[in-house]
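Fold and geometry: a report
Chain by chain, the residues run as shown.
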Amino acid sequence: QQPVQSPQAVILREGEDAVINCSSSKALYSVHWYRQKHGEAPIFLMILLKGGEQKGHDKISASFNEKKQQSSLYLTASQLSYSGTYFCGTDYRDDKIIFGKGTRLHILP
Amino acid sequence: DAGVTQSPTHLIKTRGQQVTLRCSPKSGHDTVSWYQQALGQGPQFIFQYYEEEERQRGNFPDRFSGHQFPNYSSELNVNALLLGDSALYLCASSLGIGSNQPQHFGDGTRLSIL
C-alpha cells in the first residue's frame, strides 16, 4: 500500500522547475505532501482531497488525478530553500497516512 | 504558539531494555500520531491517539504501545528493544482524526540500540 514516488532524486539549478510524482495502487481519499530537511522535522506543504479541495501554501501547487490514483507536486522557479526530501503520504479513508520513500531534491546555485 | 515538542532528543539503549518517549502536541491540537523513520526512508505510521484511545494502528508488534493523557500529550513505549528499533521516532499532532487535517511534526527522538 506504500505509494511510489518518482523520481527518487533530482538535481536542479536555481530557477528551474521540478515535478514530483506519487502513485498509488489503491483508490485514494487524500494525498499529503511534506518536505524534510536533513536533521529536521517534516514540514507540511499541501493536502489534496478527493473531490478537488486543496489546503496548502501559495507558492507550491499540486494536482490529484483520482482516476489514475496519482498526485504531482509542482515546484516552479526553484529556490535554494526548496532543497530537501519530499514525501507524499496517502490515505485510503482509514485515517492512516502511509508515506512514500521520498524524493531527494538538491538545488544548485 | 508552541509547536510539537518531543523528549528526549537522543537516547541510547541496549537490546532487551524498555524505553518511553514523550510528546506534547501543538497548542489547540487533540490528536497525536507516532511514526518511526529509518535512515533514508519515509515515516512509518505506528499508531494514532484521540480522546485518550488508540484509534488506528500500523503494522507494528505489540511491543509498541502508547498512551494519551487528558491534556492531549502522549507517550510511546517500546518493550524488549531490538537492534532494528534504532530509528528516529516522530510525533505529529493534528486537530481531529480526519485525514483532511495537516499534521505538525516534532523534531523527533533519535533512538539508538546497542
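Further up the page is the structure itself.
Basis of the calculations
Residues numbered from 1 in each chain as written. Chains lettered and ligands numbered in written order. Predicted model: local features only at pLDDT ≥ 70, side-chain atom pairs only at ≥ 80, totals over all residues. Heavy atoms only, no water. Pairing = 2+ DSSP bridges. Helix = DSSP H or I, 4+ residues; strand = E, 2+ residues; numbered from the N terminus. Axes fitted to C-alpha atoms, helices over the stretch in contact; angles between N-to-C directions. Core = buried A, V, L, I, M, F, W, Y, C linked by side-chain atoms within 4.5 Å. Buried < 20%, exposed > 50% of the residue type's maximum accessible area, 1.4 Å probe, protein only. Contact = heavy atoms within 4.5 Å. Buried area = accessible area lost by both parts, 1.4 Å probe. Nonpolar A, V, L, I, M, F, W, Y, C, P; charged D, E, K, R; others polar. Phe/Tyr/Trp six-rings, centres within 6.5 Å; stacked < 30°, edge-to-face > 60°.

This next bit is on the sheet that holds strand E3 (residues 19-24) of chain B. Residue and element names in this part refer to chain B. In spatial order, the strands read E1-E3-E8-E7; together these 4 strands make up an open sheet with antiparallel pairing. Across the chains shown, the open sheet's two edge strands, defined by having one partner strand only, are strand E1 (5-7) and strand E7 (64-68). Each adjacent strand pair in this sheet contributes to an overall mean axis angle of 20°, direction not counted. Two strands pair when backbone bridges link them, and E7 and strand E8 (residues 74-78) are joined in this way by 5 bridges, in the antiparallel orientation. Along E8, the bridge assignment pairs Gln68 with Ser74.

For soluble globular proteins, nonpolar side chains are generally found buried alongside one another. In this structure, Trp33(A), Leu45(A), Leu73(A), Leu75(A), Tyr86(A) and Leu105(A) are the most contacted members of the largest nonpolar core, which totals 21 residues. For this core, the secondary structure elements donating two or more residues are strand E3 (18-23), strand E4 (30-36), strand E5 (43-49), strand E7 (61-65), strand E8 (70-75), strand E9 (84-91) and strand E11 (103-108) of chain A. Sequence-distant contacts of Leu73(A), defined by excluding residues within four places in its chain, comprise Ala18(A), Val19(A), Ile20(A), Trp33(A), Leu45(A), Ile60(A), Ser61(A), Ala62(A) and Tyr86(A). By size, the runner-up hydrophobic cluster in this structure holds 19 residues, among which are Val4(B), Cys23(B), Val78(B) and Cys91(B).

The next point concerns the environment of Gly58(B). Residues and elements named next belong to chain B. As for its placement among the helices and strands, Gly58 is situated in the loop between strand E6 (53-57) and E7. It is 21 Å that separates the C-alpha atoms of Gly58 and His29, two residues lying 29 residues apart in sequence. Once residues lying within four places of it in the same chain are set aside, the contact partners of Gly58 are Phe45 and Ile46.

The next point concerns the sheet that holds E3(A). The pairing of strands in a sheet happens through backbone hydrogen bonds and is either parallel or antiparallel. Residues and elements named next belong to chain A. With antiparallel pairing, 4 strands are arranged side by side in an open sheet as E1-E3-E8-E7. What marks the edges here is a single partner per strand, and that holds for strand E1 (4-6) and E7. Neighbour to neighbour, the strand axes of the sheet diverge by 15° on average, direction disregarded. Sheet topology places E1 next to E3; 3 bridges connect them, and they run antiparallel. For Ser6, the partnering residue across the bridge sits in E3 and is Asn21.

On to the environment of Tyr50(B), then. All names here are of chain B. Tracing the chain through its elements places Tyr50 in strand E5 (residues 44-50). The sequence separation of Tyr50 and Gln68 amounts to 18 residues, and the corresponding C-alpha distance is 7.5 Å. Once residues lying within four places of it in the same chain are set aside, the contact partners of Tyr50 are Asp30, Thr31, Arg55, Gln68, Gly96 and Ile97.

Turning our attention to the interface of chain B and chain A. Across the contact, 22 residues belong to chain B and 20 residues belong to chain A. Roughly 1,700 Å² of surface becomes buried between chain B and chain A when both sides are summed, with 55% attributable to carbon and sulfur atoms. Among the residues chain B hides against chain A, the three largest losses belong to Ser99(B), Asn100(B) and Phe105(B). Together they make up 30% of the total. Tallied by class, the residues present in the side of chain B that touches chain A amount to 8 nonpolar, 12 polar and 2 charged.

Attention now moves to the packing of aromatic side chains. Summed over the entire model, instances satisfying the criterion amount to 9 aromatic pairs over all chains. Aromatic side chains Tyr34(A) and Phe105(B) sit 5.5 Å apart centroid to centroid with 90° between the ring planes, which places their arrangement in the edge-to-face category. Taken together, the residues span two chains, with Tyr34(A) in strand E4 and Phe105(B) in strand E10 (residues 104-105). For the pair Tyr34(A) and Phe105(B), one class covers both residues: buried. With 6.3 Å between their ring centres and 65° between their planes, Phe99(A) and Phe105(B) make a pair best called edge-to-face. Of the two residues, Phe99(A) sits in strand E10 (residues 98-99) while Phe105(B) sits in strand E10, which places them in two different chains. For Phe105(B), a relative accessible area of 9% translates into the label buried. Taken together, the ring pairs in this structure connect Tyr34(A), Phe44(A), Phe99(A), Tyr35(B), Phe45(B) and Phe105(B) into an aromatic cluster.

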